[in-house]
Amino acid sequence: MEQSILDRLNSYYDLKRLNNVELTILADDIRKFLIDKVSKTGGHLASNLGVVELTISLLKVFNMDEDKIIWDVGHQSYVYKLLTGRKDEFDSLRQLNGLSGFPKCCESRYDFFNTGHSSTSISAALGMARARDILKKNNNIIAVIGDGALTGGMALEALNDVGYNKTKMIIILNDNEMSISENVGGLSTYLSKLRMGNGYNKIKTEVNEVLNQTNFGKGVANSIDRFKDSIKQLVMPSMLFEDMGLKYFGPIDGHNIKYLCDVLFRARNVDGPVIIHTITQKGRGYKYAEQNPSKFHSIAPINPVNGQSLSKSSSVTYSNEFGKAIIESAKKDSRVVAITAAMPEGTGLNKFAIEFPKRFFDVGIAEQHAVTLAAGMAKSGLKPVFAVYSTFLQRAFDQVLHDVCLQNIPVVFAIDRAGIVGSDGETHQGIFDISYLNIMPNIKVASPKCTSEVGLYLNWALKQNCPVAIRYSRGGDLKDIEMIKSESISEGNWETVKNGQKIAVIATGRMVQHAVKADKIIRERNNDISIKIINANIIKPLDYNAIDNICREGYTIITVEDNILDGGMGREIVSYMSQKKYNNTIVNLGYEDKIIPQGDVNSLYDIYGLSPEKIADMVINVNNEGEK
């Protein structure tokens, strides 16, 4: 069987020797490869299928041993990884100790900046371009950013800087009209107008072709340069990018390799900042992803023949339960509004958006704006709920502190994906929120122990006259553990899930389920150990009476949280015990000050001591130490 062109490539250097016909065949090979591999491992499929020709063109034109490409977010870097020597590693994509789904400098010398969150590429690339200039080098710096990521304020700040200071660099605006869900906002509307407004480029080409036929005409063509801005303003609704100081190429077909290469060669020779606006199709070449790019943005393993998921994930998830609960709250109270930062489906708000379109606000990838927007709404009598992944709320740290907590404004933060999230890896692990919220005044932090309690906690939060954060895990409950739903929430009154002697396990959120399962494992191994299990349902403020009682009764304490230890619940309990001069033994289970890598969630829990089995081991070890 004849080798495919992709199979014959040993490095991106080989790609440079291919002609346009071969490059087009290569693009087809790459799409087949991605569909085959990602359907087995899971990962970001639709976005990578959309950038195949763009990536090929970049590697055809630029020299990656000198030039640098920064991928914004980075989930669309699979094609780049494939063509820069990592083809044989794709079977381990997003697996423990395997190929990352995002750019990683430690993984390849062709990855120049770690990414995972949105809107950072232009700033990082600009920094590298300025370093190049100071060090008197002449390599090219390229940032590749999607139209969704361009809605982030940091990207616009960087555009303002690069345009004002005229630093030489190239920005590729990969416009597929999507981030994860459909893009929203004024900038998205503006880009839509640019996509339709090809008149300027057509007029410019036709005029130049006529004028350059004679010497006189060439002189007129040179003179006309000073009027080009006026011509653009007449033909296009607004030349935002050129007004900011960047030379604009586009919109151009992001799937035409020959045209892309021509434009990239021209852009490489411009002495100043350039933005190339490419139009691509998310999910291109795989009909199921073309038809539903949001669904195929990030997938679990699928059957590539029909696009159906192979995993039997429960429909009862924390996100879905939140989505149902906020709809019920909104039906009862017209002041309840929902806010998301480009994640309506991931956070469970897509049905709310349909039922209450005038009370739903998708602000784009703009977490900082979302928080302060919520603060303004709450100040004016509404009850805003900002649904956001834990890892993305980090981006709005100052707004949570300055605009909400310091003013004691009753905003509800529905923090999804709290704790480890697994295969997305270190940039997406939601393991910091307890710690950074613990240092903020006025805010209360709570966590339901199971999916059936999400509505209860949301209703409680909406009644508080202060900021409230509700944190909950990705996915649903443990399958083999039945939790009894609490009927009410009472601040300063932690729930006793199970009584026991000598050892008290204080757990929060889904870790309560892990503690209950650990107790089952312990009883199967050793009937002599009976632990007390406490549900720390409200993490801030702590239930100091419960801690006092546990300490006075002589319990050894084990705390369990899906969060870093520094600044977390366990360390806050240690601090309180120190102040009260309690000398009970206490063990904190959580994440040390280390990067938590990608991997399936259960394996990571086991590695870091938070699986039910490892909690059971700790209890038995602590019990044995106490009996010596």
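The structure under discussion appears in the preceding block.
This write-up is about the structure you can find in this document. (Residues numbered from 1 in each chain as written. Predicted model: local features only at pLDDT ≥ 70, side-chain atom pairs only at ≥ 80, totals over all residues. Heavy atoms only, no water.)

### Side note on the environment of Arg359
Mapping Arg359 onto the fold places it in the loop between helix 17 (350–355) and strand 9 (360–362). Its relative accessible area of 17% is what places Arg359 among the buried residues. Arg359 sits 22 residues away from Val337 along the chain, and the two C-alpha atoms are 4.9 Å apart. Look past the residues within four positions of Arg359 in its chain and what remains in contact with it is Ala330, Asp333, Ser334, Arg335, Val336, Val337, Ala338 and Phe352. Within the structure, the side chain of Arg359 is placed 3.4 Å from the backbone oxygen of Ser334, a separation counted as a polar contact. Looking at Arg359, its side chain comes within polar contact range of the main-chain oxygen of Val336, at 3.1 Å. (Helix = DSSP H or I, 4+ residues; strand = E, 2+ residues; numbered from the N terminus. Buried < 20%, exposed > 50% of the residue type's maximum accessible area, 1.4 Å probe, protein only. Contact = heavy atoms within 4.5 Å. Polar contact = N/O pair within 3.5 Å; in protein donor to acceptor, adjacent residues only side chain to side chain.)

### With respect to helix 16 (residues 318–332)
The end-to-end C-alpha distance of helix 16, which contains 15 residues, comes to 21 Å, matching closely the 21 Å that a straight helix rising 1.5 Å per residue would cover. Those residues of helix 16 that sit buried are Tyr318, Ser319, Glu321, Phe322, Gly323, Ala325, Ile326, Ile327, Ser329 and Ala330. Structurally, helix 16 contributes buried residues whose contacts are with strand 8 (336–340), helix 17, strand 10 (383–389), strand 11 (412–416), helix 22 (454–462) and helix 23 (511–525). (Expected span 1.5 Å × (residues − 1).)

### Regarding helix 25 (residues 569–579)
Inspection of helix 25 places Met569, Gly570, Ile573, Tyr576 and Met577 among the buried residues, and these make up the whole buried set. Seen end-on, helix 25 carries its buried residues on one side only, within an arc spanning 120°. Exposed residues pointing more than 90 degrees away from the buried face of helix 25 are listed as Ser578 and Gln579. Buried-residue contacts for helix 25 involve helix 21 (433–438), strand 15 (503–507), strand 17 (538–540), helix 24 (544–552), strand 18 (556–564) and strand 19 (586–591). The positive-phi residue at the C-terminal boundary of helix 25 is Lys581, with phi of around 60°. (Arc of directions from axis to C-beta.)

### Focus on the packing of helix 16 against helix 22
Between helix 16 and helix 22, the least distance of the axes is 8 Å, while the angle of their chain directions is 45°. By the angle between their directions, the pair helix 16 and helix 22 is classed as oblique. Every pair of crossing elements has a handedness; the one defined by helix 16 and helix 22 is right-handed. Within the contact between the two elements, helix 16 uses Tyr318, Glu321, Phe322, Ala325, Ile326 and Ser329 and helix 22 uses Val454, Gly455, Leu458, Asn459 and Leu462. Split by residue class, the contact of helix 16 with helix 22 holds seven nonpolar, three polar and one charged. (Axes fitted to C-alpha atoms, helices over the stretch in contact; angles between N-to-C directions. Parallel < 35°, antiparallel > 145°, perpendicular 65-115°, else oblique. Left-handed = near helix turned anticlockwise from the far one by under 90°. Nonpolar A, V, L, I, M, F, W, Y, C, P; charged D, E, K, R; others polar.)

### Overview of the side chain of Lys104
Within the fold, Lys104 resides in the loop between helix 6 (78–86) and helix 7 (121–134). Overall, Lys104 belongs to the buried group, its relative accessible area being 16%. With sequence-adjacent residues up to four places away left out, Lys104 is seen in contact with Asp111, Asn114 and Glu426.

### Some details on the pairing of strand 13 (residues 468–471)
Walk down a regular strand and you will see the side chains alternate between the two sheet faces. A two-sided burial pattern is seen for strand 13, the buried positions comprising Val468 and Ile470 on one face and Ala469 and Arg471 on the other. As paired elements, strand 11 and strand 13 share four bridges and run parallel to each other. Its bridge partner being in strand 13, Val412 is matched across the sheet by Val468. Pairing of strand 12 (residues 444–446) with strand 13 involves three bridges; the strand directions are parallel. Residue pairing in the sheet places Lys444 in a bridge with Val468 of strand 13. (Pairing = 2+ DSSP bridges.)

### What about the packing of aromatic side chains?
With the rule as written, the count across this model stands at 15 aromatic pairs. Residues Phe352 and Phe356 carry aromatic rings whose centres are separated by 5.1 Å and whose planes lie at 40° to one another, so their mutual orientation is tilted. Neither residue differs from the other here; Phe352 and Phe356 are each classed as buried. Each ring, one from Phe397 and one from Tyr436, has its centre 6.0 Å from the other, and the planes form 70°; the classification is edge-to-face. Placement of the pair is Phe397 in helix 20 (residues 397–405) and Tyr436 in helix 21, with a sequence separation of 39 residues. Chaining the aromatic ring pairs together yields one cluster made of Tyr12, Tyr13 and Tyr110. In this structure, Lys247 is placed above the aromatic ring of Phe249, and the distance from its NZ or CZ to the ring centre is 5.5 Å. (Phe/Tyr/Trp six-rings, centres within 6.5 Å; stacked < 30°, edge-to-face > 60°. Lys NZ or Arg CZ within 6 Å of the ring centre and 35° of its normal.)

By themselves, these are just geometric observations and shouldn't be taken as functional.
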